[in-house]
Amino acid sequence: MKATNIKRLWKRVNVGVIAALLAAGMTISAAAASGGYQFPEGAASVSVTMDSKRVLQNEAVILDSVTYVPLRSFSELVGADSITWDAKTATATVKKGNTTVTVTDGGYYIVASGRYFYFNQKVRNISDRLFVPIRPIAKAFCVEVEWNHATRTVVLTSTGKTLQSGSAYYNANDLYWLSRIISAEAGGESLYGQIAVGNVVLNRVESRQFPNTVYGVIFDRVGGTQFSPVAMGTIYKKPTASAIIAAKICLDGYRISEDILFFMNPRIATSNWISKNRPFAFTIGNHDFYK
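These lines cover the structure that appears in this document, whether it is placed above or below. Remember, predicted model here, so these are calculated numbers, not experimental data.

What counts, and where the lines are drawn
Residues numbered from 1 in each chain as written. Predicted model: local features only at pLDDT ≥ 70, side-chain atom pairs only at ≥ 80, totals over all residues. Heavy atoms only, no water. 1 Å grid on protein atoms, 1.4 Å probe; cavity = no way out; pocket = protein on both sides within 12 Å on 5 of 7 lines; lining within 4 Å. Points joined across faces, edges and corners; volume = space filled by probe spheres on them. Helix = DSSP H or I, 4+ residues; strand = E, 2+ residues; numbered from the N terminus. Nonpolar A, V, L, I, M, F, W, Y, C, P; charged D, E, K, R; others polar. Salt bridge = Lys/Arg side-chain N within 4 Å of Asp/Glu carboxyl O. Buried < 20%, exposed > 50% of the residue type's maximum accessible area, 1.4 Å probe, protein only. Phe/Tyr/Trp six-rings, centres within 6.5 Å; stacked < 30°, edge-to-face > 60°.

## Describing the layout of surface pockets
- Empty space within the largest pocket amounts to approximately 940 Å³.
- Listing elements by their share of the lining of the largest pocket, those giving two or more residues are α5 (172–186), α6 (191–206), α8 (228–232), β15 (262–264) and α10 (273–277).
- Taken together, the residues of the lining of the largest pocket sort by class into 15 nonpolar, 13 polar and four charged.
- Its volume calculated, the second largest pocket comes out at about 620 Å³.
- Lining the second largest pocket are 29 residues, and of these I134, R135, P136, K139 and V145 sit closest to its centre.
- Those elements giving two or more residues to the lining of the second largest pocket turn out to be β5 (66–70), β10 (115–118), α3 (134–140) and β13 (143–148).

## Some points on the pattern of salt bridges
- This model, assessed by the stated rule, comprises five salt bridges.
- A salt bridge links D64 to R124; its shortest N-O distance comes to 2.8 Å. Of the two residues, D64 is situated in the loop between β4 (61–63) and β5 and R124 in strand β11 (residues 124–126); the sequence distance between them amounts to 60 residues.
- By relative accessible area, which is 17% here, R124 ends up buried.
- The shortest N-O distance in the salt bridge between K139 and D252 comes to 3.6 Å. You can see K139 sitting in helix α3 and its partner D252 sitting in the loop between α9 (241–251) and β15, a full 113 residues away along the chain.
- Under the relative-accessibility criterion, K139 is labelled partly exposed at 35%.

## A closer look at the packing of aromatic side chains
- Counted by the stated rule, this structure contains 20 aromatic pairs.
- With a centroid separation of 4.9 Å and 80° between ring planes, the pair formed by Y176 and W177 is classed as edge-to-face.
- Residue classification places Y176 among the partly exposed residues on the basis of a relative accessible area of 38%.
- Pairing F263 with F289 gives two aromatic rings, centres 5.9 Å apart and planes at 35°, and the pair type is tilted. Highlighted residues: F263 in strand β15 and F289 in strand β17 (residues 287–290), separated in sequence by 26 residues.
- Owing to a relative accessible area of 11%, F263 belongs among the buried residues under this scheme.

Here it is in C-alpha coordinates:
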(Lines give C-alpha, C1' and ligand atoms only; values in the text may rest on other atoms or scores of the structure.)
Protein backbone atom coordinates (compact mmCIF):
# COMPACT_ATOMS: atom_id res chain seq x y z
CA MET A 1 0.00 0.00 0.00
CA LYS A 2 1.29 3.47 -0.88
CA ALA A 3 2.40 5.80 1.91
CA THR A 4 -0.25 8.41 0.97
CA ASN A 5 -3.03 5.83 1.21
CA ILE A 6 -1.75 4.67 4.61
CA LYS A 7 -1.80 8.26 5.89
CA ARG A 8 -5.37 8.74 4.66
CA LEU A 9 -6.47 5.48 6.27
CA TRP A 10 -4.78 6.39 9.58
CA LYS A 11 -6.48 9.80 9.57
CA ARG A 12 -9.90 8.16 9.05
CA VAL A 13 -9.18 5.71 11.87
CA ASN A 14 -8.22 8.54 14.26
CA VAL A 15 -11.37 10.50 13.45
CA GLY A 16 -13.48 7.39 13.97
CA VAL A 17 -11.86 6.61 17.32
CA ILE A 18 -12.39 10.16 18.63
CA ALA A 19 -16.01 10.13 17.51
CA ALA A 20 -16.58 6.79 19.21
CA LEU A 21 -15.06 8.01 22.47
CA LEU A 22 -17.20 11.13 22.47
CA ALA A 23 -20.35 9.18 21.69
CA ALA A 24 -19.63 6.87 24.59
CA GLY A 25 -19.05 9.79 26.96
CA MET A 26 -15.42 8.87 27.56
CA THR A 27 -13.03 11.23 29.31
CA ILE A 28 -11.73 13.84 26.91
CA SER A 29 -8.37 15.53 26.86
CA ALA A 30 -7.94 19.23 27.47
CA ALA A 31 -8.21 20.21 23.82
CA ALA A 32 -9.88 17.25 22.11
CA ALA A 33 -13.22 18.13 20.51
CA SER A 34 -13.72 20.87 23.07
CA GLY A 35 -14.90 23.71 20.90
CA GLY A 36 -11.82 25.68 21.92
CA TYR A 37 -12.34 25.15 25.67
CA GLN A 38 -9.50 23.82 27.78
CA PHE A 39 -11.45 21.44 30.00
CA PRO A 40 -9.95 20.15 33.27
CA GLU A 41 -8.61 16.64 33.54
CA GLY A 42 -11.39 14.12 34.04
CA ALA A 43 -14.00 16.06 32.06
CA ALA A 44 -16.33 13.80 30.09
CA SER A 45 -18.34 14.93 27.11
CA VAL A 46 -22.11 14.58 27.22
CA SER A 47 -24.83 14.98 24.62
CA VAL A 48 -27.61 17.52 25.08
CA THR A 49 -30.89 17.84 23.22
CA MET A 50 -33.51 20.55 23.47
CA ASP A 51 -36.98 19.90 22.10
CA SER A 52 -35.53 16.86 20.27
CA LYS A 53 -32.75 18.87 18.61
CA ARG A 54 -29.06 18.32 19.35
CA VAL A 55 -27.59 21.42 20.99
CA LEU A 56 -24.44 22.61 22.78
CA GLN A 57 -22.30 20.20 20.82
CA ASN A 58 -18.76 19.89 22.23
CA GLU A 59 -19.68 22.37 24.99
CA ALA A 60 -21.44 20.30 27.67
CA VAL A 61 -19.27 18.25 30.01
CA ILE A 62 -19.56 16.22 33.18
CA LEU A 63 -17.25 17.32 35.98
CA ASP A 64 -17.40 15.70 39.42
CA SER A 65 -20.70 14.01 38.47
CA VAL A 66 -22.31 17.35 37.52
CA THR A 67 -23.22 18.39 33.98
CA TYR A 68 -21.85 21.85 33.14
CA VAL A 69 -22.75 24.11 30.23
CA PRO A 70 -21.36 27.52 29.20
CA LEU A 71 -23.62 30.26 30.54
CA ARG A 72 -23.53 32.37 27.39
CA SER A 73 -24.31 29.50 25.03
CA PHE A 74 -27.19 28.27 27.20
CA SER A 75 -28.57 31.79 27.56
CA GLU A 76 -28.53 32.27 23.81
CA LEU A 77 -30.16 28.87 23.42
CA VAL A 78 -33.17 29.93 25.53
CA GLY A 79 -33.44 33.27 23.74
CA ALA A 80 -31.96 35.67 26.28
CA ASP A 81 -32.32 39.37 25.46
CA SER A 82 -28.95 40.40 26.91
CA ILE A 83 -25.88 39.09 28.71
CA THR A 84 -23.58 41.50 30.55
CA TRP A 85 -20.44 41.07 32.63
CA ASP A 86 -19.28 43.01 35.71
CA ALA A 87 -15.54 42.49 36.06
CA LYS A 88 -15.43 44.04 39.55
CA THR A 89 -17.79 41.46 41.04
CA ALA A 90 -17.01 38.68 38.52
CA THR A 91 -20.75 38.42 37.91
CA ALA A 92 -22.70 37.83 34.72
CA THR A 93 -26.26 39.10 34.35
CA VAL A 94 -28.67 37.48 31.92
CA LYS A 95 -32.02 39.04 31.06
CA LYS A 96 -34.93 37.49 29.23
CA GLY A 97 -38.27 39.26 29.41
CA ASN A 98 -39.15 39.66 33.10
CA THR A 99 -36.49 37.19 34.24
CA THR A 100 -33.10 38.40 35.48
CA VAL A 101 -30.42 35.88 36.37
CA THR A 102 -27.08 36.63 38.04
CA VAL A 103 -24.20 34.16 38.14
CA THR A 104 -20.94 34.81 40.01
CA ASP A 105 -17.67 33.10 39.22
CA GLY A 106 -16.91 30.57 41.98
CA GLY A 107 -20.39 30.88 43.47
CA TYR A 108 -22.52 28.01 44.73
CA TYR A 109 -25.89 29.44 43.78
CA ILE A 110 -27.52 31.55 41.11
CA VAL A 111 -30.09 34.25 41.70
CA ALA A 112 -33.08 34.25 39.35
CA SER A 113 -35.60 37.05 39.81
CA GLY A 114 -35.08 36.96 43.56
CA ARG A 115 -35.07 33.15 43.76
CA TYR A 116 -31.98 31.32 45.03
CA PHE A 117 -30.93 28.04 43.39
CA TYR A 118 -28.09 26.27 45.17
CA PHE A 119 -25.81 23.53 43.82
CA ASN A 120 -23.05 21.52 45.47
CA GLN A 121 -20.46 22.27 42.79
CA LYS A 122 -19.30 25.82 42.17
CA VAL A 123 -19.58 27.90 39.03
CA ARG A 124 -16.40 27.33 37.02
CA ASN A 125 -14.31 29.57 34.81
CA ILE A 126 -13.10 27.52 31.87
CA SER A 127 -11.14 29.27 29.13
CA ASP A 128 -12.49 32.64 30.37
CA ARG A 129 -16.08 31.47 30.09
CA LEU A 130 -18.48 30.81 32.96
CA PHE A 131 -19.72 27.23 33.13
CA VAL A 132 -22.74 26.49 35.31
CA PRO A 133 -24.48 23.28 36.43
CA ILE A 134 -27.25 22.67 33.96
CA ARG A 135 -30.15 21.98 36.36
CA PRO A 136 -30.29 25.33 38.18
CA ILE A 137 -29.78 27.43 35.06
CA ALA A 138 -32.46 25.41 33.27
CA LYS A 139 -34.81 25.90 36.24
CA ALA A 140 -34.22 29.65 36.06
CA PHE A 141 -35.61 29.68 32.53
CA CYS A 142 -38.34 27.09 33.18
CA VAL A 143 -36.70 24.43 31.04
CA GLU A 144 -37.33 20.85 32.16
CA VAL A 145 -34.31 18.55 32.53
CA GLU A 146 -34.21 14.77 32.25
CA TRP A 147 -31.36 12.28 31.96
CA ASN A 148 -31.47 9.48 29.39
CA HIS A 149 -29.10 6.90 30.87
CA ALA A 150 -29.24 4.62 27.82
CA THR A 151 -27.93 7.30 25.46
CA ARG A 152 -26.06 9.38 28.05
CA THR A 153 -28.02 12.41 26.98
CA VAL A 154 -29.35 15.41 28.88
CA VAL A 155 -32.85 15.99 27.55
CA LEU A 156 -34.14 19.57 27.76
CA THR A 157 -37.76 20.51 27.11
CA SER A 158 -39.06 24.06 26.76
CA THR A 159 -42.19 24.88 28.75
CA GLY A 160 -42.86 28.41 27.55
CA LYS A 161 -43.35 29.49 31.17
CA THR A 162 -41.74 32.37 33.06
CA LEU A 163 -40.17 31.85 36.48
CA GLN A 164 -42.23 33.12 39.39
CA SER A 165 -40.39 35.89 41.21
CA GLY A 166 -39.06 35.48 44.72
CA SER A 167 -41.51 38.03 46.14
CA ALA A 168 -44.40 35.98 44.78
CA TYR A 169 -42.94 32.53 45.42
CA TYR A 170 -41.69 32.70 49.01
CA ASN A 171 -44.21 32.65 51.82
CA ALA A 172 -43.38 35.83 53.74
CA ASN A 173 -44.16 34.34 57.16
CA ASP A 174 -42.08 31.21 56.50
CA LEU A 175 -39.16 33.30 55.23
CA TYR A 176 -39.39 35.63 58.23
CA TRP A 177 -39.16 32.89 60.85
CA LEU A 178 -36.90 30.46 58.98
CA SER A 179 -34.27 33.14 58.35
CA ARG A 180 -34.38 34.15 62.02
CA ILE A 181 -33.93 30.65 63.43
CA ILE A 182 -31.08 30.01 60.97
CA SER A 183 -29.41 33.27 61.96
CA ALA A 184 -29.86 32.67 65.70
CA GLU A 185 -28.71 29.04 65.60
CA ALA A 186 -26.05 29.16 62.88
CA GLY A 187 -25.21 32.76 62.09
CA GLY A 188 -21.49 32.04 62.41
CA GLU A 189 -21.58 28.88 60.32
CA SER A 190 -20.87 28.48 56.61
CA LEU A 191 -23.73 28.90 54.15
CA TYR A 192 -23.81 25.11 53.82
CA GLY A 193 -24.12 24.75 57.58
CA GLN A 194 -26.91 27.32 57.66
CA ILE A 195 -28.78 25.46 54.94
CA ALA A 196 -28.54 22.27 57.00
CA VAL A 197 -30.19 23.99 59.98
CA GLY A 198 -32.95 25.23 57.68
CA ASN A 199 -33.35 21.68 56.39
CA VAL A 200 -33.97 20.43 59.93
CA VAL A 201 -36.85 22.89 60.36
CA LEU A 202 -38.46 22.07 57.00
CA ASN A 203 -37.95 18.33 57.48
CA ARG A 204 -39.85 18.65 60.75
CA VAL A 205 -42.65 20.51 58.97
CA GLU A 206 -43.03 17.50 56.69
CA SER A 207 -42.81 14.97 59.54
CA ARG A 208 -45.86 13.72 61.40
CA GLN A 209 -43.86 13.93 64.62
CA PHE A 210 -43.88 17.74 64.60
CA PRO A 211 -46.15 20.71 63.81
CA ASN A 212 -46.80 21.28 60.12
CA THR A 213 -45.77 24.95 59.85
CA VAL A 214 -42.41 26.70 60.12
CA TYR A 215 -43.68 28.86 62.97
CA GLY A 216 -45.18 25.84 64.73
CA VAL A 217 -41.92 23.88 64.52
CA ILE A 218 -39.78 26.74 65.81
CA PHE A 219 -42.05 27.51 68.76
CA ASP A 220 -42.91 23.88 69.50
CA ARG A 221 -42.72 23.22 73.25
CA VAL A 222 -43.78 19.58 73.36
CA GLY A 223 -41.15 17.87 75.46
CA GLY A 224 -39.64 21.25 76.26
CA THR A 225 -38.44 24.19 74.16
CA GLN A 226 -37.03 22.76 70.94
CA PHE A 227 -34.74 25.62 69.95
CA SER A 228 -32.72 27.58 72.49
CA PRO A 229 -33.04 30.96 70.67
CA VAL A 230 -36.76 30.81 71.46
CA ALA A 231 -36.02 30.61 75.19
CA MET A 232 -33.20 33.15 74.99
CA GLY A 233 -35.11 35.63 72.84
CA THR A 234 -32.48 35.78 70.09
CA ILE A 235 -35.06 34.42 67.65
CA TYR A 236 -36.41 37.97 67.41
CA LYS A 237 -33.15 39.54 66.27
CA LYS A 238 -32.72 40.74 62.69
CA PRO A 239 -31.29 37.89 60.60
CA THR A 240 -27.98 38.11 58.78
CA ALA A 241 -27.94 38.47 55.00
CA SER A 242 -26.50 34.97 54.61
CA ALA A 243 -29.26 33.51 56.81
CA ILE A 244 -31.90 35.06 54.55
CA ILE A 245 -30.17 33.55 51.51
CA ALA A 246 -29.96 30.16 53.24
CA ALA A 247 -33.66 30.32 54.09
CA LYS A 248 -34.56 31.11 50.48
CA ILE A 249 -32.38 28.25 49.24
CA CYS A 250 -34.18 25.89 51.62
CA LEU A 251 -37.62 27.18 50.67
CA ASP A 252 -36.72 26.66 47.02
CA GLY A 253 -36.29 22.97 47.74
CA TYR A 254 -32.59 22.37 48.22
CA ARG A 255 -31.94 19.57 50.70
CA ILE A 256 -28.61 18.41 52.06
CA SER A 257 -30.61 15.61 53.67
CA GLU A 258 -34.30 14.83 53.91
CA ASP A 259 -33.71 12.74 57.04
CA ILE A 260 -32.14 15.10 59.57
CA LEU A 261 -34.52 16.22 62.32
CA PHE A 262 -32.14 17.29 65.10
CA PHE A 263 -28.85 19.11 65.50
CA MET A 264 -26.64 20.18 68.36
CA ASN A 265 -23.35 21.87 69.10
CA PRO A 266 -21.65 19.31 71.35
CA ARG A 267 -19.24 21.93 72.68
CA ILE A 268 -21.92 24.07 74.28
CA ALA A 269 -24.94 21.75 74.54
CA THR A 270 -26.44 21.56 78.03
CA SER A 271 -28.03 18.16 77.30
CA ASN A 272 -26.82 15.09 75.44
CA TRP A 273 -30.28 13.59 74.91
CA ILE A 274 -30.03 13.96 71.13
CA SER A 275 -26.67 12.20 70.83
CA LYS A 276 -27.85 9.36 73.06
CA ASN A 277 -31.25 8.80 71.47
CA ARG A 278 -31.05 9.75 67.78
CA PRO A 279 -29.01 8.20 64.92
CA PHE A 280 -26.02 10.35 63.97
CA ALA A 281 -26.00 11.63 60.38
CA PHE A 282 -23.04 13.97 59.82
CA THR A 283 -21.17 17.02 61.08
CA ILE A 284 -21.02 20.44 59.42
CA GLY A 285 -18.94 23.07 61.15
CA ASN A 286 -19.79 23.18 64.84
CA HIS A 287 -23.04 21.24 64.52
CA ASP A 288 -23.70 17.52 64.64
CA PHE A 289 -26.86 16.49 62.79
CA TYR A 290 -29.09 13.55 63.70
CA LYS A 291 -32.01 11.71 62.16
